[in-house]
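The residues making up each chain are set out below.
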2 protein chains.
Amino acid sequence: MDFRYGKKVEKWDVFQVEVNGAEEGNPFTDYTICGTFKGKNETIEVEGFYDGNGVYKIRFMPSFEGTYSFEISGNAISEKKSGCFEVTAPSEDNHGPVRVVNTYHFMYEDGTAYYPLGTTCYVWNLQSDKMIEETLETLRESAFNKIRFCVFPKHYDYNLGEPRSYPYEGTPMDSSVLNKENFGEYTGKTEGNNWNLKRFHVEHFQQIEKCILALQDIGIEADLIIMHPYDRWGFSCMEPDEDELYWKYVISRFSAYRNIWWSLANEYDLFEHKAVSDWERYAKIICDYDPYNHLRSIHNCIPFYDYHRPWITHCSIQRQDLYKTSEFVNEWRVRYKKPVVLDEIAYEGNIQHGWGNISGTEMLRRFWEAVCRGGYPGHGETFMNSSNILWWSHGGKLYGESHKRFAFLSNIWKETPGNGLAPYDKCAWDEVCAVPEDSSENGYYLYYYSFMQPSFREFYFDNETEYEAEVIDTWDMTINKAGVYRGKFKIYLPGKPYMAIRIMKIRHDSQTFTQ
Amino acid sequence: MDFRYGKKVEKWDVFQVEVNGAEEGNPFTDYTICGTFKGKNETIEVEGFYDGNGVYKIRFMPSFEGTYSFEISGNAISEKKSGCFEVTAPSEDNHGPVRVVNTYHFMYEDGTAYYPLGTTCYVWNLQSDKMIEETLETLRESAFNKIRFCVFPKHYDYNLGEPRSYPYEGTPMDSSVLNKENFGEYTGKTEGNNWNLKRFHVEHFQQIEKCILALQDIGIEADLIIMHPYDRWGFSCMEPDEDELYWKYVISRFSAYRNIWWSLANEYDLFEHKAVSDWERYAKIICDYDPYNHLRSIHNCIPFYDYHRPWITHCSIQRQDLYKTSEFVNEWRVRYKKPVVLDEIAYEGNIQHGWGNISGTEMLRRFWEAVCRGGYPGHGETFMNSSNILWWSHGGKLYGESHKRFAFLSNIWKETPGNGLAPYDKCAWDEVCAVPEDSSENGYYLYYYSFMQPSFREFYFDNETEYEAEVIDTWDMTINKAGVYRGKFKIYLPGKPYMAIRIMKIRHDSQTFTQ
């Protein structure tokens, strides 16, 4: 027996068993390997996977502390293996997987607050080591705690080159035939690809695991896009048995990482060869084979997937209107009764496409609109530059302005009493206002004025309570005390856009909301 | 007989007959006076009106040149009067009334292009002479060619004082009882007003006529709001016979001015005491008594009036959504098949209300959005200042930024081939594009990128035609030549918001669209 992590493992870390097994024929399809992991509070069965060179791996994420036993079986090995290990308390930065709480919000499994603040770098993980390190450095200095990226390589504008590796054994089509003119014709199976879709190229998946762990180290959730339509290699239109093999391989390799979220697809509606029944089939595979119930969603281009589906844990929305984006969060909360994550509200940048050329001020405005309506906006950047390295696709450096203002926003999130914000249903037609989702946390109001530039606003809650007011400049990132009031009162503003006002009941037990 | 304008009058000017008549009793209700005006091409009957001091006036606007005869009759005078006069050719700046042409657009009756570019100063006409002169001076230097204002005085935020005159004989309530707290309670008839609603205060109407003529002198249409709900004097809730008397008086006094447009109401839906049947009744009075068919509409606060109604010549819209305003022009054109005038898309300013605090950039963006969708946006300003003089209510000076950019916009309108722009139905999802309404004027495209900031855009129309491209900065007001192209081509932009691209087919007869 061969423990990569020794006989001790932290709760929510990966306990991995490596065994040598059958190499004849096709080890990816011809043999089975699975593990049963048993502790006082749980018994979990997982599938293992073949990792090349005769090695099979079985991964497990324990959700409880204490002694576990395990048994590995399957026809890949000549005899069962068993053993036991200790699960220790999680270390300081290990809060477990993220879960849905309070209908519309998230929380780490240990109860630590988690307000998703995501970005997108579709194939940052398939770039050079140098570029990957640069991306990680950028992320480390950012306020992001979630990133969307793909397992499969991506073929799309500004990203027509070869990835660092391919997921299957075989050879890709000759990309020298590509040019701008016929770019649009590549939407799946094309001449010249020569893959064995039953044999995975394990280094590709090992590389993705390195990236998932690197993200985990800096507190970032890996919102993994399992399928996407930007394809010249045929991975978006494999046969059902090939798809099933892929899904199970992905799940057996990645599901033990606590920071994994499953995004079944990016722009599911752009796949020419897939129907809703296909996505439902993949969803069932995840539900059947991921024993940890990681968060699951699917992302649209134009029509929404039906986010009512019971397997979907949260909305993963691309806005449907050029002008109104985050402004629909209230409606989507009511419609779906799930967390509303806006995984694409356009990208800050200056490329030719309308989805990739909004300003930093507009991006930040969309963020605050979403936040004050009880939703979770997502970021991305598409600035043209001489090296053709765009954050949205490759990672690297950030060039925009909005991201610099997310830590400020995130702090305000964290100062909210309870867990999460909800739209205030009594606010006026010309303002957005958030209150704590938990209605017992009353007396906290976060008003946002968006593109409007009022010189003052008037307030009235009741005649008795004392309220403390603050004027927040969401762009310049200042919070100024604006006095203590009772009854009707007026708060003055500088008459410029992107301002907010926070009003908090004064708690005379000296428990105010800001520290 | 007593001609104010002598025996000659220009076509579309006012030919006025003044006669002395009965003064006993109530000359506003007890007597009739009317005129029949007869030329080679038209015979028009109009009602006259009492103008005080025993004088009755009958006004007529001739639509043809040549000799006219007239006859004045009615029981206000002891015997009929008759005479004749010559109608001469219009002088250079007299283009006649504005008419609807080409379904969605306007034109002066003489065929001169008219692209409405309106503003709103609700009661500029009821301010001091000095303030009125200042407003006229501002208008003279502006690109505006339409202004909305009221006959009745206005009671509303920032405008609680007494007007220079009242429309009826009598005395107003004591305005010293007003304060911010009970401001909202005044929505019509209130204690302390003592009006004779059957006797007009003629100086009030004479003052409005002076303003209408002063506007005419500087080429501005008077979009006269006949009723409005911002009222502490009871004028918004008179009895039906009082309303009828008022409507007929207004029509008989004002309809001979060629620059009059009838706006039945501002925010018709805010009148507590009026139903649609009332507005339809007023509309019928206008249709019956205005022989010149001046433009007619009615303005909403929230629900639209049914702009399908046959008496309505054009939509006079207040946007219904806080975020999307001009963006709906395409839909409204399809729905109503009439010119879409956006008489309120919010005001540039910084007051507390969301309808009155958008930035200059946002106002100009809404203008271009509307223009490139084949609509006609309207302006207004609500900047707070120490004197509490707000353009939207009082006139005076402009403090904003958008209005400085309207002459530039207007020039682009005027350079459009044909008369008026229509939305281009083949434009992409992430752009707005206008083409000439007249489809025979093909090969002219005005693309607008709104808040987006593309670094370039790609175009393809056909392989044969040569096109000239220009990059337009709508904010900085520059037009830069961007080359001549055929087939597929790419136009570079500076990657900032509020940019447009104009593409024009090169006409080898040297007839290009720009001079």
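Residues numbered from 1 in each chain as written. Chains lettered and ligands numbered in written order. Predicted model: local features only at pLDDT ≥ 70, side-chain atom pairs only at ≥ 80, totals over all residues. Heavy atoms only, no water.

### Looking at empty space enclosed by the protein
Residues and elements named next belong to chain A. Put simply, the rule reads: Of the grid points, spaced at 1 Å and generated over the protein atoms alone, those admitting a 1.4 Å probe that cannot get out make up cavities, while open sets with protein on both sides within 12 Å along at least five of seven lines make up pockets; any residue with an atom within 4 Å of a point is treated as lining. Grid points are joined across faces, edges and corners, and a volume is the space filled by probe spheres set on the points. The way it works is that DSSP assigns letters per residue, a run of H or I at least four long becomes a helix, a run of E at least two long becomes a strand, and they are numbered from the N terminus. Three classes are used: nonpolar for Ala, Val, Leu, Ile, Met, Phe, Trp, Tyr, Cys and Pro, charged for Asp, Glu, Lys and Arg, and polar for all others, with Gly counted as polar.
Inspection of the entire model under this criterion finds four cavities of 30 Å³ or more. The volume enclosed by the largest cavity comes to roughly 50 Å³. Considering the residues around the largest cavity, the lining is formed by Val-46, Glu-47, Arg-59, Ile-251, Ser-252, Ser-255, Ala-256, Tyr-289 and Pro-291. Taken together, the elements giving at least two residues each to the lining of the largest cavity come down to strand S5 (43-47) and helix H3 (240-254). Its residues assigned to classes, the lining of the largest cavity comprises five nonpolar, two polar and two charged.

### What to know about the side chain of Asp231(A)
Residue and element names in this part refer to chain A. Condition: The cut-offs for exposure are 20% and 50% of the maximum accessible area for each residue type, with area from a 1.4 Å probe on protein chains only; residues under the lower value are buried, those over the upper are exposed, and the others partly exposed. All tallies of charge rest on Lys and Arg as positive and Asp and Glu as negative; His and the ends of each chain are not included. One speaks of a salt bridge when a side-chain nitrogen belonging to Lys or Arg is within 4 Å of a carboxyl oxygen belonging to Asp or Glu. Pairing of N or O atoms within 3.5 Å defines a polar contact, subject to two protein rules: one partner must be a possible hydrogen donor and the other a possible acceptor, and residues neighboring in sequence count only if both atoms are side-chain atoms. In what follows, residue pairs with any heavy atoms lying within 4.5 Å of each other are defined as contacts.
Tracing the sequence through the fold places Asp-231 in the loop between strand S16 (221-227) and H3. With no salt bridge to any partner, buried Asp-231 finds its closest opposite charge in Arg-232, at an N-O distance of 7.7 Å. In this structure the side chain of Asp-231 is engaged in a polar contact, spanning 2.7 Å, whose partner is the backbone nitrogen of Trp-233. Here Phe-235 takes part through its backbone nitrogen, which lies 2.8 Å from a polar atom of the side chain of Asp-231. In this structure Asp-231 touches His-155, Tyr-186, Thr-187, Gly-188, Ser-236 and Cys-237, once residues within four positions along its chain are discounted.

### Let's talk about the pairing of strand S20 (residues 340-344) of chain A
All names here are of chain A. The following threshold applies: Any two strands are treated as partners once DSSP identifies two or more bridges connecting them. By convention, orient the strands away from the viewer: a clockwise path from the first strand over the helix to the second makes the crossover right-handed.
The element S20 is extensively covered by neighbouring structure, given that five of its five residues are classed as buried. Strand direction decides the pairing type here: strand S19 (residues 315-318) and S20, joined by three bridges, are parallel. Bridge assignment links Cys-315 to a residue of S20, and that residue is Val-340. For the segment spanning S19, helix H5 (residues 329-336) and S20, crossover handedness is right-handed. Examined bridge by bridge, S20 and strand S22 (residues 376-377) share two bridges and lie parallel to one another.

### Some thoughts on the sheet that holds strand S17 (residues 260-265) of chain A
Residues and elements named next belong to chain A. The strand order across the open sheet formed by five strands is S12-S13-S16-S17-S18, and the pairing between neighbours is parallel. For this open sheet the edge positions go to strand S12 (118-120) and strand S18 (296-297), each flanked by a neighbour on one side alone. In terms of strand pairing, S17 meets S18 through two bridges, oriented parallel. Paired with Ser-263 across the bridge in S18 is Ser-297.

### Details of the interface of chain A and chain B
The test is simple: Accessible surface is computed with a 1.4 Å probe, and the buried area is the amount of it that two parts give up when combined, taken over both parts together.
Taken together, the 39 residues of chain A in the interface contact 39 residues of chain B. Taking both partners together, chain A and chain B bury about 3000 Å²; carbon and sulfur atoms supply 58% of that area. If you sort the residues of chain A by the area they bury against chain B, Tyr323(A), Trp429(A) and Phe451(A) come out on top, with a joint share of 23%. The interface formed by chain A and chain B holds two salt bridges in total. The salt bridge involving Lys324(B) is made with Asp321(A); its shortest N-O contact spans 2.5 Å. Here chain A is connected to chain B by 18 residue pairs in polar contact (both at pLDDT 80 or more). Counting residues per element, the ones that place at least two in the side of chain A that touches chain B are helix H6 (360-371) and strand S27 (456-460) of chain A. At four residues, the largest contribution of residues to the side of chain A that touches chain B is made by H6(A).

### Thoughts on helix H6 (residues 360-371) of chain B
All names here are of chain B. What counts is decided by this rule: In this analysis, the expected span of each helix is defined as 1.5 Å times one less than the number of residues it contains.
With 12 residues, H6 should reach 16 Å at 1.5 Å per residue; the first-to-last C-alpha distance of 16 Å fits that figure. Along H6, 11 of the 12 residues are buried, which leaves the element largely enclosed by surrounding structure. Turning to H6, its buried residues number three or more, namely Gly-360, Glu-362, Met-363, Leu-364, Arg-365, Arg-366, Phe-367, Trp-368, Glu-369, Ala-370 and Val-371.

### Quick word on the relation of the copies chain A and chain B
Spelled out, the test is: Copy-to-copy superposition: least squares on the C-alpha atoms, limited to residues that have pLDDT of at least 70 in both copies.
For the pair chain A and chain B, the superposition axis carries a translation of 0.0 Å, the fit reaches an RMSD of 0.0 Å, and the rotation angle comes to 180 degrees. With respect to symmetry, the two chain copies, as superposed, fit the operation of a two-fold axis.

### Let's talk about the confidence of the model for chain A
Residues and elements named next belong to chain A. In plain terms, the rule: The predictor attaches a confidence to each residue, called pLDDT, with possible values from 0 through 100.
Put simply, chain A has an average pLDDT of 95, and 96% of its residues get 70 or more. Across residues 1-5 the pLDDT falls below 50, and counting only partners more than four positions away or on other chains, this stretch makes 17 contacts in the model. Two numbers describe this predicted complex: its pTM, 0.94, and its ipTM, 0.92.

### So, the sheet that holds strand S17 (residues 260-265) of chain B
Residues and elements named next belong to chain B. The following threshold applies: An axis is simply a line fitted to the C-alpha atoms; with a helix, the fit covers only the stretch in contact. Between two such axes, the angle follows the N-to-C directions and lies from 0 to 180 degrees.
The five strands lie next to each other as S12-S13-S16-S17-S18, forming an open sheet whose pairing is parallel. Single-partner strands in this sheet number two, and they are strand S12 (118-120) and strand S18 (296-297). Contacting strand S16 (221-227) and S17, helix H3 (residues 240-254) crosses the sheet at an angle of about 165 degrees to S16.

### Here's the deal with the packing of helix H2 (residues 202-217) of chain B against H3(B)
All names here are of chain B. Condition: Our angle categories are set so that under 35 degrees counts as roughly parallel, over 145 as roughly antiparallel, 65 to 115 as roughly perpendicular, and the remainder as oblique. By the definition used in this description, the sense in which the near helix is turned from the far one sets the handedness, with an anticlockwise turn below a right angle giving left-handed and a clockwise turn giving right-handed.
The interhelical angle for the contact between H2 and H3, taken along N-to-C directions, is 40 degrees, at an axis separation of 11 Å. In terms of their interaxial angle, H2 and H3 are classed as oblique. The handedness of the crossing between H2 and H3 is right-handed. Here Val-202, Phe-205, Gln-206, Ile-208, Glu-209 and Ile-212 of H2 come into contact with H3, specifically with Tyr-246, Tyr-249, Val-250, Arg-253 and Phe-254.

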